[in-house]
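Structural features, examined
Each chain, written out:
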Amino acid sequence: MANPVPKMSTYTWEGLDRKGNKVKGELTGLTPAIVKAQLRKQGITPGKIKKKTDSLFSRGKKIKPMAIALFTRQMATMMKSGVPLLQSFDIIAEGVENPTLRKLVEEIKQNVAAGNSLASSLRKHPAYFDDLYCNLVDAGEQAGALETLLDRVAMYKEKTEALKAKIKKAMTYPIAVVVVAIIVSGILLIKVVPQFQSIFEGFGAELPGFTLMVINLSEVVQSWWLLILIALTGLSFLFRHSYRRSEKMRNTIDRALLKLPIIGPLLYKSAIARYARTLSTTFAAGVPLVEALESVAGATGNVVFKNAVNQVRADVSTGTQLNFSMKSTGVFPTLAIQMTAIGEESGALDDMLDRVATIYEAEVDNMVDSLTSLMEPMIMAVLGVVVGGLVIAMYLPIFQLGSVV
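The structure reproduced in this document is the subject of the present report. (Residues numbered from 1 in each chain as written. Predicted model: local features only at pLDDT ≥ 70, side-chain atom pairs only at ≥ 80, totals over all residues. Heavy atoms only, no water.)

Some thoughts on the pattern of salt bridges
Close approach of charged atoms allows side chains with opposite charge to pair. To be explicit about the condition: For this analysis, a salt bridge means a side-chain nitrogen from Lys or Arg found within 4 Å of a carboxyl oxygen belonging to Asp or Glu. Under the DSSP-based scheme used, a helix requires at least four consecutive residues in state H or I and a strand at least two consecutive residues in state E, with every element numbered from the N terminus. Relative accessibility thresholds used throughout: buried, under 20% of the residue-type maximum; exposed, over 50%; partly exposed, between the two (1.4 Å probe, protein chains only).
Scanning the model with the defined rule gives 9 salt bridges in all. Arg73 is the partner of Glu158 in a salt bridge, and the nearest nitrogen-oxygen pair spans 3.0 Å. Placement of the pair is Glu158 in helix α7 (residues 146-200) and Arg73 in helix α2 (residues 65-80), with a sequence separation of 85 residues. In this structure Glu158 comes out as partly exposed when scored by relative accessible area, which is 28%. Assessed through its relative accessible area of 22%, Arg73 is described here as partly exposed. The partner of Glu294 in a salt bridge is Arg313, with the nearest N and O atoms 3.6 Å apart. You can see Glu294 sitting in helix α11 (residues 289-297) and its partner Arg313 sitting in helix α12 (residues 303-317), a full 19 residues away along the chain. Several salt bridges share partner residues, and in doing so they unite Arg73, Lys80, Asp151 and Glu158 into one network.

Have a look at this one:
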């Protein structure tokens, strides 16, 4: 049984430099003695050395996918510049503000320093490094071109995360409008409508049907607002829980999203871009096509494309050309199929797939910009109908009273 690898810690230190001036800073090391040795090598006479503890607010901070992309880019840049692998980890760890990411980098360094490969060290953290990432790094280590593969992985992560950010931006906009409309309507129904209701009681006249409907809705919301809030929160939690646990539910939602009028084409093109980008990256790394397709299936982000890629993989494993397999699924667009065929005939499949990815990423970018421009008047219309309708319902009796007078 292998001995456990000691954990790196961050230490704050104070000391004197060669001129006798007081200096202080932070260093990572296994023990205070090792930190003192590092300081002496730098010409600093160490004084106080204390283990740094993370504050309550910084503890447990999440690591975002874009941070992993930045970490990969930094590793690729330093290794291309000739910086040794272990030293690269030290440089990155010192410049990281997120304590969780710093701890992750230090743990990876410890595993590599203990004699493990970088790929096997990354596989111990599947929450941050998926199979595709680790397989590409493994291929780079075996081929002796780790810095080149890290550069490709970094580019892949940057492109995919940028694409995800665009899709998230397009999806967040309408959701935010609905949430704002609900909040404003709730405030009006709970706080504003009752004030008008007390005024209307002194009129002694019959109120319009629209006004009565809003007043009845206001009374329901005032009486049951807490129960309604709990029910909405519970339904939201139940939906998220079911979505994570139920594969059938996820598949149904994935199929339904592709059929939506505006969001559907956006998700379709983003899935094509992810498929082409992932397959281009893995194939260029020297991964065999059948194995590459296995990694691509889970990276498309939609069950329709996942099933299609699995079908393509099964066809390719029996000797069918990739472009024919793609065409037989009925899922992939003609442009992607034709460019794949050209890539297979010319022996430049990875380059042609990269171009396909670039084309569809640009289309997604344009669609997001167009959708954003389209959503602005839609937001005004939705808020105008909801909020304006409530305001009109309240002022309608006053208008009628003025016409009678």
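Brief notes about the side chain of Ser325
Rule in force here: We call two N or O atoms a polar contact when they sit within 3.5 Å, provided that within protein one can donate a hydrogen and the other can accept it, with sequence-adjacent residues counted only if both atoms are side-chain atoms. Here, residues are in contact when the closest pair of their heavy atoms is within 4.5 Å.
One can find Ser325 in helix α13 (residues 322-329). In terms of polar contacts, Ser325 uses its side chain to reach the backbone carbonyl oxygen of Gln321, at 3.0 Å. Setting aside residues up to four positions removed in sequence, Ser325 forms contacts with Val312, Asp315, Val316 and Thr320.

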